[in-house]
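Each chain, letter by letter, is given below.
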Amino acid sequence: MSEEKVRREPHLSDSLISRLQHTLATCSQLIEGGDFSNSHELVTALVDFLTPISVSVVEEASNLDLEGTSFEILTEIDCFISSPSRNQEVIDALSFELPKVVCKFARASKRCSEIAERVVGHLVSRCSPREMLSILCEALSSPSEMFRAPCYFAPLIGGLAKVIILIQRRHFEQVKASIPVILGVLKSVSLEGDEEDKDTEDIFQKAIAVADSIQAVCKKLEQKDKTKLCAILGMFVLQVMALVSIAMGHNISSLLPIMLHLSYFLPFCGLSYEGLIAGPDVDKFTTICRVKFPDDGDDRMAYFSHVKHGGSLAVIWGYKSNETSTAADADFEAVKNELQMNQTKRWQAIGMLKHVFSSVDLSWELKAHALDFLLCIMDGCVHQEIQNDNMDHSTYMPTLYMALQAIELVIIYAPNAVLRKKSFDALKKVLADIPCSLRFDILKALIQNSESSSMIAILLDCVRREMYEEHSRSISVISGVSEAEVKYSQCLSFWSAGVLELVELVLKPPNGGPPSLPEYSDAVLSALNLYRFVVIRESTGKTNYTGVLSKDTLQMAYNEWLLPLRTLVTGVVAENQQDHDHLASDRVCALNPIELVLYRCIELVEDNLKNA
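Small disclaimer: the values here were computed from a predicted structure and weren't measured. (Residues numbered from 1 in each chain as written. Predicted model: local features only at pLDDT ≥ 70, side-chain atom pairs only at ≥ 80, totals over all residues. Heavy atoms only, no water.)

Draft legend 1. Molecular detail of unusual backbone geometry. At the junction of Leu517 and Pro518, the peptide bond is cis and its omega measures out at 5° in the coordinates. Its identity as a non-glycine residue notwithstanding, Asp329 has a phi of 55°, on the positive side. Within the secondary structure, Asp329 sits in the loop between helix H18 (322-327) and helix H19 (332-341). On the basis of relative accessibility, which here comes to 64%, the residue Asp329 falls in the exposed class. We note that Lys542 has phi near 55°; this positive angle belongs to a residue other than glycine. Along the chain, Lys542 falls in the loop between helix H27 (521-540) and helix H28 (551-577). Using a relative accessible area of 68% as the deciding quantity, one classes Lys542 as exposed. (Helix = DSSP H or I, 4+ residues; strand = E, 2+ residues; numbered from the N terminus. Buried < 20%, exposed > 50% of the residue type's maximum accessible area, 1.4 Å probe, protein only.)

Draft legend 2. Quick look at the packing of helix H6 (residues 98-105) against helix H7 (residues 110-126). Contact pair H6 / H7: the axes reach a minimum separation of 8 Å and the direction vectors enclose 165°. One finds that H6 runs roughly antiparallel with respect to H7. For the pair H6 and H7, the sense of crossing is left-handed. Contacts between H6 and H7 pair Leu98, Pro99, Val102, Cys103 and Phe105 from the former with Cys112, Ala116, Val119, Val120 and Leu123 from the latter. Looking at the contact of H6 with H7, its residues break down into 10 nonpolar, no polar and no charged. (Axes fitted to C-alpha atoms, helices over the stretch in contact; angles between N-to-C directions. Parallel < 35°, antiparallel > 145°, perpendicular 65-115°, else oblique. Left-handed = near helix turned anticlockwise from the far one by under 90°. Contact = heavy atoms within 4.5 Å. Nonpolar A, V, L, I, M, F, W, Y, C, P; charged D, E, K, R; others polar.)

Draft legend 3. Region of the structure containing the UniProt feature "transmembrane region" (unreviewed entry) in the protein chain. Following the UniProt record, the feature "transmembrane region" (unreviewed entry) maps to residues 229-252 here. Helix makes up 88% of residues 229-252 and strand 0%, with an end-to-end C-alpha separation of 31 Å. (UniProt positions renumbered as here; feature names shortened; annotations may be inferred.)

Draft legend 4. Looking closely at helix H24 (residues 436-448). Between its first and last C-alpha, H24 extends 19 Å over 13 residues, near the 18 Å set by a 1.5 Å rise per residue. Taken together, the buried positions of H24 are Cys436, Leu438, Arg439, Phe440, Ile442, Leu443, Leu446 and Ile447. (Expected span 1.5 Å × (residues − 1).)

Draft legend 5. Examining the pattern of salt bridges more closely. Taken as a whole, this structure holds 20 salt bridges when the rule is applied. Across the pair Lys345 and Glu274 runs a salt bridge whose closest N-O atoms are separated by 2.5 Å. In this pair, Lys345 sits in helix H20 (residues 343-358) while Glu274 sits in helix H15 (residues 273-278), placing the two residues 71 residues apart along the sequence. Within the structure, one salt-bridge network assembled from shared partners comprises Glu117, Asp202 and Lys206. (Salt bridge = Lys/Arg side-chain N within 4 Å of Asp/Glu carboxyl O.)

Given below as structure tokens:
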């Protein structure tokens, strides 16, 4: 039946309802008479009859006649199913197909969605819970692309929340089967859905209803089974926290009540803020769940891919909202103080936060909150480099390195200057928390693996600042002794030949040839400034910790770094001066600072070569 006919014939709604009534009545008579073969064909015919109408509802969302027709169809089905006198075999036969059929009509309007949910609720209350769990999971997993919308899924997830309560045995197995299906739907809605979709909040409220049901079941179980199910519940809640943050992160005021509700589950599951932000609680539950899914490998664990995001976000919300920390039964001040005093836990927390900073799906508003939290625990923190000299710091360096890379992403891509500055402050504070003996290696790795000229420039400036501070500290330590007598030691870990490797990385890239200009102007200027700083400090202090003043090194820098760069800069400037457009003028202006520092470096090298 075409959509045009639905629009043009004013009495078509009546004929559709009459046909629906006749089909349902005939189906009922056949089943009650034991004619299951023909009744099955009739159920299939019912689905085939209703499907084109539901398709028209989606394709013509603004058609009020279709909305009215959908409402009448759903009302008729609801009346039929909810009749107390209806034969149970009839209900059972229809239960296999009706959930999918009625939820397709839920897209017509809010009132249609409500009736669809009511129909699903009637089926859940009258049919076998275990059968309905399978039916609803199948309906959640199988909609065509046209119907993959929150308003289709919400009544089905609401039905699962009711089913879980009704299951009498093998609770863990049943929940284990349904949770991945629900999370798959929520992930799809979060990553692919429309941020402005008014039904998004509703589907997450239904997910919370599922969590409520699992919690209610947990309370009835013996300790062993309760532990397993609580682990699943905890992982489910953390994953939902992450997914709802992705879906609604741009609407913080609407997101807060949901995060508040989800936070109430944390203490019940044995999850604490300290355990979440430092990671052990998440790792413990991940291990339990992986053990409990032995037949599925890691396939089912993929549905919990955002639990670390969720664990971090749970604590971040506790930092932003007293109500949320109260709901989680957490003393946030105590957690903050512990992280400030305990370097190991602080580093673990930084490692957890990297999941938030590196996520392309979370909003900048939430990343700003994460930065505020990170700065909060870094301010006033106690550096324990001396106290824990026997501690193997290196085991934490890969985690801190990845966290710093994640913060770099915020610095590079943040949409405003305030957020960029805040993320740069966080970068500096995390670097300062790393022992100086390892800080250079971290910075070197960050520079080597960065493709952003501006980021490389920032990191090289950090190296120069570290060298300046080390030099100042060493002078104050040996006050009254000439700079020539300052010995290379652990406190001068940046004053080594390694710093020249960083300069060479920019001025003579590993892939050969001079650096690309003007694309890498920022990095080149920063590398030249670093080289000039080292040459001046070493020559005025009559030291050579870095080897920069050795004749061979000076000659190498002159012939392989500076002269090729001068040729390149001169050529690019000459080429652009011939053009008179705005872009050419900008290129020349960008190269002017490089020219000035480059010629100063050449002069310094030539002067030192004379004395070498």
